[in-house]
Amino acid sequence: MAKNGRPNIKNLKWTAAIYTVTLCVISLILYGTLFAKTYTPVNNEDPVVDNSTTESSSTTKSSANDNSITYKTYKDQHETVATVLLDAGHGGMDGGNVTNDVMEKDINLTITNKVADYLKELNPNIDVKLIRTTDDTPWFQDEFTDLDYRLEQQTAQNADYFFSIHCNSFDDPSVEGMVFFVNPTDTVMKDLVTKIGENLQDINWTENSNIIDYELLQLVTMSDIHSTLIELGYMTNEFDFKNLTDPVEQDKAAKAIAAAISDYIMENPDAPDYVKPSDQNSVSNMPHASIDSAAANAQAKSQNGAVDPNAAVDPNAVTDPNADPNAATDPNAVPAQ
């Protein structure tokens, strides 16, 4: 206090300054502590792509909001373990099946491209190739030349596995589910498509899955490699159509398919090459309309005994020695056009 009874202004200023600085220091300490606890950034890097791991693969859950499948991501071994050729059915002037103005060719392309992307993401050791990545099909002249080209690409691309992706249709809208066409003696592909079917069932894509090994289809029967033609669902079935056209469900299905392919190839490094039986060295072309009918027939029979009266049959097709002798034939079948 000053001698005249007044407060010492200088001392008050120093006291206030010290008090203010003390408060600031305390505030900074408290704020820094709370900030560090509350706002510490989350490492968004996917741990499965950490190259520092010594494991050959690691696992993660699907990014497509699906917790039913554990997906393995494999380290890059800088060596191609297999070449997979993906075929989006139809394209260009050939729209395939049509439901509610939605063309099958577009669904096939979208899902196939997604399968390719996920295969590359999950397993850099698989060389992924595609017949088409857009709607362009410059090789197309008619359905037969189109099938010839796709078959020739299996050899031209030096593929080990071939997957042709399609959607189905049928007069009876209650018929639903997946269909896999494989060669009767191709046990490797039978096991692989079984795994694909299980993955798709795990994500509730469908409950009905059917493997057909007794139909003469050019892309499969004439193939010299492990081949399958996949009908992912029926565009004429309400539930299937919703999945086939829903971008989220398409993404989930594509990742499930890619994971099945990737895991099977890596888990079966010594899988034998496919050897085509001599009695399958020649077979007449069967247009895709017949494929749909054949798949629908088999699915309908297994589901409720329905028969497709519009099933197309190639009158020049050779008899399949491995055909199911109990399979019913359609007396009203018309020749393929």
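Our structure is the block above this text.
Only a predicted model underlies this, so the values are computations on that prediction, with no experimental measurement involved.

Undergrad: Pulling in residues and values, what's your account of the overall build of the chain?
TA: The secondary structure content of the chain amounts to 8 helices and 12 strands. Per-residue burial over the chain gives 46% buried out of 337 residues. Partitioning the contacts of the chain with sequence separation of at least 6, the portion at a separation of at least 24 is 77%. Here the chain displays about 17,300 Å² of accessible surface, and carbon together with sulfur accounts for 52% of that area.

Undergrad: I'd like a description of the pattern of salt bridges, backed by residues and values.
TA: In total, this model carries 11 salt bridges according to the counting rule given. A salt bridge links Lys276 to Asp224, with the nearest nitrogen and oxygen atoms 3.1 Å apart. Placement of the pair is Lys276 in the loop between helix 7 (247-267) and helix 8 (288-303) and Asp224 in the loop between helix 5 (218-221) and strand 10 (226-234), with a sequence separation of 52 residues. For Glu249, the salt bridge is made with Lys252, and the minimal N-O distance between the two is 3.7 Å.

Undergrad: Explain the packing of helix 2 (residues 104-122) against helix 7 residue by residue, including any values.
TA: Two elements in contact, helix 2 and helix 7, have axes separated by 8 Å at closest approach and are oriented at 50 degrees. Classified by the angle their axes make, helix 2 and helix 7 are oblique. The handedness of the crossing between helix 2 and helix 7 is right-handed. From helix 2, Ile107, Thr110, Ile111, Lys114, Val115, Tyr118, Leu119, Glu121 and Leu122 reach across to helix 7, where they touch Pro247, Gln250, Asp251, Ala254, Lys255, Ile257, Ala258, Ala259, Ile261 and Ser262. Its residues assigned to classes, the contact of helix 2 with helix 7 comprises 12 nonpolar, 3 polar and 4 charged.

Undergrad: Could you give an account of the packing of aromatic side chains, naming the residues involved and the relevant values?
TA: The full count for this structure, using the stated rule, is 1 aromatic pair. Each ring, one from Trp139 and one from Tyr149, has its centre 4.2 Å from the other, and the planes form 10 degrees; the classification is stacked. Here Tyr149 lies in helix 3 (residues 143-156) and Trp139 lies in the loop between strand 6 (126-130) and helix 3, a separation of 10 residues in the sequence. On the basis of relative accessibility, which here comes to 14%, the residue Trp139 falls in the buried class. Looking at Lys255, its charged tip hangs above the ring of Tyr71, at a distance of 4.8 Å from the centre.

Undergrad: So, the nonpolar core: which residues are in play, and what are the values?
TA: Core analysis: the largest hydrophobic core is formed by 45 residues, its most contacted members being Val84, Tyr161, Phe163, Ile196, Leu200, Leu232 and Ile261. With 10 residues, helix 7 is the largest single contributor of residues to this core. When neighbours within four sequence positions are excluded, Tyr161 is seen to be in contact with Ala82, Thr83, Val84, Leu85, Val188, Met189, Leu192, Ile225, His226, Ile265 and Ala271. Leu151, Phe170, Val179 and Val220 belong to the second-largest nonpolar core, a separate cluster that totals 18 residues.

Conventions used here
- Residues numbered from 1 in each chain as written.
- Predicted model: local features only at pLDDT ≥ 70, side-chain atom pairs only at ≥ 80, totals over all residues.
- Heavy atoms only, no water.
- Helix = DSSP H or I, 4+ residues; strand = E, 2+ residues; numbered from the N terminus.
- Buried < 20%, exposed > 50% of the residue type's maximum accessible area, 1.4 Å probe, protein only.
- Contact = heavy atoms within 4.5 Å.
- Areas by Shrake-Rupley, 256 points an atom, 1.4 Å probe, with all protein chains shown as cover.
- Salt bridge = Lys/Arg side-chain N within 4 Å of Asp/Glu carboxyl O.
- Axes fitted to C-alpha atoms, helices over the stretch in contact; angles between N-to-C directions.
- Parallel < 35°, antiparallel > 145°, perpendicular 65-115°, else oblique.
- Left-handed = near helix turned anticlockwise from the far one by under 90°.
- Nonpolar A, V, L, I, M, F, W, Y, C, P; charged D, E, K, R; others polar.
- Phe/Tyr/Trp six-rings, centres within 6.5 Å; stacked < 30°, edge-to-face > 60°.
- Lys NZ or Arg CZ within 6 Å of the ring centre and 35° of its normal.
- Core = buried A, V, L, I, M, F, W, Y, C linked by side-chain atoms within 4.5 Å.

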